[in-house]
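# Examining the three-dimensional arrangement
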Amino acid sequence: VGGGGGGGGGTVGLSLASEIGPSRASLEQVLSHTSGHWTLVPDCVGTFAELCDEERTPAAVAAEPPLLAPGTCQYYTPIAYGQLVAHACRSGGSSMRRAWSAMAEAALPGRGGALSLTAPEGDEVAEVWPKMRNPTIADFAADMLELT
């Protein structure tokens, strides 16, 4: 995860051995799903709006103690994983968007801009489900149970 941007001189970077948060999980453990952070919804998240808070939530998730010692086993959870990667990007002086853009450009030289984390302006990707305005985690869990 390399830096770039941010108005300062030079860039900050992380190596695979860099520790991400107080749990001392390495970036390599985060990327290989062995960080020990595998809760479906982290304790620091109480609402859907909090889950989407790009400023506060990644650092809060990284600050939570892992359920298992880092490196113990592999366990996939998209929410904690994404928040930890976002925290690593920020710790490395970058952001998820800049890291994504750099990866996309490396994968598709000259066409990387065709890959995006968000929909183009004005495009409707999905109809918003009225129940999902700003539910509590309990509401979210109940809705997920209905889908299974």
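Residues numbered from 1 in each chain as written. Predicted model: local features only at pLDDT ≥ 70, side-chain atom pairs only at ≥ 80, totals over all residues. Heavy atoms only, no water.

A separate point is the overall build of the chain. Across its full length, the chain carries six helices and zero strands. Reading the helices (α) and strands (β) of the chain from amino to carboxyl end gives α-α-α-α-α-α. Within the span of the chain, comprising 148 residues, buried residues form 30% of the whole. In the chain, the proportion of contacts linking residues at least 24 apart, taken out of those at least 6 apart, comes to 59%. Surface accessibility of the chain: about 9200 Å² in total, with carbon and sulfur atoms responsible for 59%. (Helix = DSSP H or I, 4+ residues; strand = E, 2+ residues; numbered from the N terminus. Buried < 20%, exposed > 50% of the residue type's maximum accessible area, 1.4 Å probe, protein only. Contact = heavy atoms within 4.5 Å. Areas by Shrake-Rupley, 256 points an atom, 1.4 Å probe, with all protein chains shown as cover.)

What follows covers the pattern of salt bridges. Summed over the entire model, instances satisfying the criterion amount to four salt bridges. Across the pair Arg-97 and Glu-54 runs a salt bridge whose closest N-O atoms are separated by 3.7 Å. Taken together, the residues Arg-97 in helix α5 (residues 96-107) and Glu-54 in the loop between α2 (48-51) and α3 (57-63) connect sequence positions 43 residues apart. (Salt bridge = Lys/Arg side-chain N within 4 Å of Asp/Glu carboxyl O.)

Okay, the confidence of the model for the chain next. Note that predicted coordinates carrying low pLDDT should not be read in detail. Averaged over every residue, the pLDDT of the chain is 78; residues scoring 70 or more account for 76%. Confidence drops under pLDDT 50 across residues 1-11; counting only partners more than four residues distant or on other chains, this segment forms 19 contacts. (pLDDT = per-residue confidence, 0-100.)

In summary, soluble globular proteins display a tendency toward joint burial of nonpolar side chains. Of all hydrophobic cores here, the largest spans 17 residues; its most connected members are Ile-20 and Val-30. Where this core is concerned, the elements lending two or more residues are α1 (27-31), α3 and α4 (78-91). The element best represented in this core is α4, accounting for five residues. Beyond its immediate stretch of four places on either side in the chain, Ile-20 contacts Leu-14, Ala-25, Ser-26, Leu-27, Val-30, Leu-84, His-87 and Ala-88. (Core = buried A, V, L, I, M, F, W, Y, C linked by side-chain atoms within 4.5 Å.)

Our focus in this paragraph is the environment of Leu-84. Along the chain, the position of Leu-84 falls in helix α4. Taking the relative accessible area as the measure of exposure, Leu-84 reaches 2% and is therefore buried. Taking the C-alpha atoms as reference points, Leu-84 and Val-30, 54 residues apart in sequence, are found 6.9 Å from one another. Apart from residues lying up to four places away in sequence, Leu-84 is in contact with Ile-20, Val-30, Ser-35, His-37, Val-61 and Ala-62.

Our focus in this paragraph is unusual backbone geometry. The phi torsion at Arg-24 lies on the positive side, around 70°, for a residue other than glycine. The topology assignment puts Arg-24 in the segment before α1. Overall, the relative accessible area of 57% leaves Arg-24 in the exposed class. Unusually for a residue other than glycine, His-33 sits at a positive phi of about 60°. Among the structural elements, His-33 can be located in the loop between α1 and α2.

Let us now look at the packing of aromatic side chains. Taken as a whole, this structure holds two aromatic pairs when the rule is applied. Their ring planes at 40° and their centres at 4.4 Å tell us that Trp-38 and Tyr-75 sit as a pair that is tilted. Taken as a pair, Trp-38 in the loop between α1 and α2 and Tyr-75 in the loop between α3 and α4 lie far apart in primary sequence, 37 residues in all. Measuring from centroid to centroid gives 6.4 Å for Tyr-76 and Tyr-81, while their planes differ by 40°, and the two rings are tilted. Exposure remark for Tyr-81: the relative accessible area of 24% places this residue in the partly exposed category. (Phe/Tyr/Trp six-rings, centres within 6.5 Å; stacked < 30°, edge-to-face > 60°.)

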